[in-house]
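A look at the structure
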Amino acid sequence: MKEIIGIDVSKRRFDVALLNSGKHRSYEYCKKEMNSLVRSLDTLQPERIVMEATGGYEKPLLKHLQKHELPVVVVNPRRIRDFARAMGVAAKTDRLDALVIARYAKSMKPKIQVPVSENSLLLKSLTARRRQLIAMRTQEKNRMEHSDEKLIAQSLHAVLRTLDREIKKLDSQIEEVIRRDRELSEKAQILETIPGIGLTTANALVTELPELGICNRRQIAALVGVAPMNRDSGMFRGKRMTGGGRHHVRTQLYMPTLVAIQYNPPIRKHYQHLLNEGKSKMSAVVACMRKLLLFMNSMLKNNQRWKPQIA
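Let me begin by describing the structure that accompanies this report. (Residues numbered from 1 in each chain as written. Predicted model: local features only at pLDDT ≥ 70, side-chain atom pairs only at ≥ 80, totals over all residues. Heavy atoms only, no water.)

**Focus on the overall build of the protein**
A count of helices and strands for the protein gives 12 helices and seven strands. Taken over the C-alpha atoms alone, the protein extends approximately 60 × 60 × 45 Å along its principal axes. In the protein, which comprises 311 residues, the share counted as buried stands at 39%. In the protein, once contacts between residues fewer than 6 apart in sequence are set aside, the share between residues at least 24 apart is 59%. (Helix = DSSP H or I, 4+ residues; strand = E, 2+ residues; numbered from the N terminus. Buried < 20%, exposed > 50% of the residue type's maximum accessible area, 1.4 Å probe, protein only. Contact = heavy atoms within 4.5 Å.)

Given below as C-alpha cells:
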C-alpha cells in the first residue's frame, strides 16, 4: 500500500506524518532538511502528500517537492479545521495537525496539483502585490475624506501619488511578463475583444484564473463564486445565493460588468430582461457577471474572438 503523508508547515519547521506506518518526524525548515525529506520519500513512493496553505510558508517546500516530481497538493486550512472538528479532534499540536492532514488526504483524496511555471508564480506574486497596493490606496482615499488638517492632506496626497506610481509600474511589469508568454498573451488578446473587457482585466483574469477555458460552465462559475447555490431543507425553500470562490476575481470583474451592461448588447439585453422579471439590480449585475464569465470560458476553450453571435 502506498504511503499517504500529511505535512504541517510553520515558519521554522515542518512536521511529517506517515499515515499507514504511523511514523512521525520533525524537520528544520531549511534546504538541507528538505533534501533529507525528499530522500526518505523517494523510497516510500507516496500516493499523496498534503499540506495546508499557511500564508506563504508552504511555498518553498511545495516547489521543492514538485521539483522532484512528488505528488503534492496544498489545501485550504479551513477544510482541514472542519475535518478535524468532524473527527472530534479538539487538541492542536504540530504533530497532531500533521496526522489530521494525513487522514484528510486519505478520506478526501484532494487532486494532485500540476507544477506551476516560474512565469506563473511571478505573475501571481505581482498581481497579489497589486491588490495590496489597491487596498492601501482605497484606505488613503477614505482617510482623505475626513482630513481637515492641511499637513495631513499633503501627506495623504504624497502617499497616493506614490501608490499610483507603483501600481502603474506593476501594471507594466505584469503586461511585460504576459507578453513574453505566448499562451497567456493569446488568451489575453482574445478576452480583450469582448466589449467591456480592457487590458488590465484581461491580464488579471489569465493570471488569477488559469482554469478559464479548461473548466466547464458550472465549474468555472463555482470557482469564481457566481454560481447560485440552493438553500433548501425539508419544507423550507430558501433564496438562492452566490458566494465563496475567488472573491478577488469577482472584484476584478465587477466594474467591467457594469461597462458591459452599457456597451455590450447581449449583456445589456440580459440585464434588462432580469430587471423586467423583477430581479434586484445587484442580482441582475451578478447574473450578468456570470454570463460574461461563461462567454470568456467558451471563447478561450474554442480559441475564438468575440462575435455577437456567441451570445
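**Here's the deal with the packing of helix 9 (residues 217-224) against helix 12 (residues 281-301)**
For the pair helix 9 and helix 12, the least separation of the axes is 10 Å and the interaxial angle reads 130 degrees. It follows that helix 9 is oblique to helix 12 by the angle criterion. Crossing of helix 9 against helix 12: the hand is right-handed. Taken together, the residues of helix 12 that come into contact with helix 9 (itself represented by Arg217, Ile220, Ala221 and Val224) are Arg290, Leu293, Leu294 and Asn297. The residue makeup of the contact of helix 9 with helix 12, split by class, is five nonpolar, one polar and two charged. (Axes fitted to C-alpha atoms, helices over the stretch in contact; angles between N-to-C directions. Parallel < 35°, antiparallel > 145°, perpendicular 65-115°, else oblique. Left-handed = near helix turned anticlockwise from the far one by under 90°. Nonpolar A, V, L, I, M, F, W, Y, C, P; charged D, E, K, R; others polar.)

**Some thoughts on the packing of aromatic side chains**
Under the counting rule described, the total for this entry stands at four aromatic pairs. Taken together, a centroid distance of 5.5 Å and an interplanar angle of 90 degrees make the contact between Phe83 and Tyr104 edge-to-face. One end of the pair, Phe83, is in helix 3 (residues 77-87); the other, Tyr104, is in helix 4 (residues 94-108), and 21 residues separate them in sequence. Tyr104 shares its class with Phe83; the two are buried. A network of ring pairs unites the aromatic residues Phe14, Tyr27 and Tyr29 as a single cluster. (Phe/Tyr/Trp six-rings, centres within 6.5 Å; stacked < 30°, edge-to-face > 60°.)

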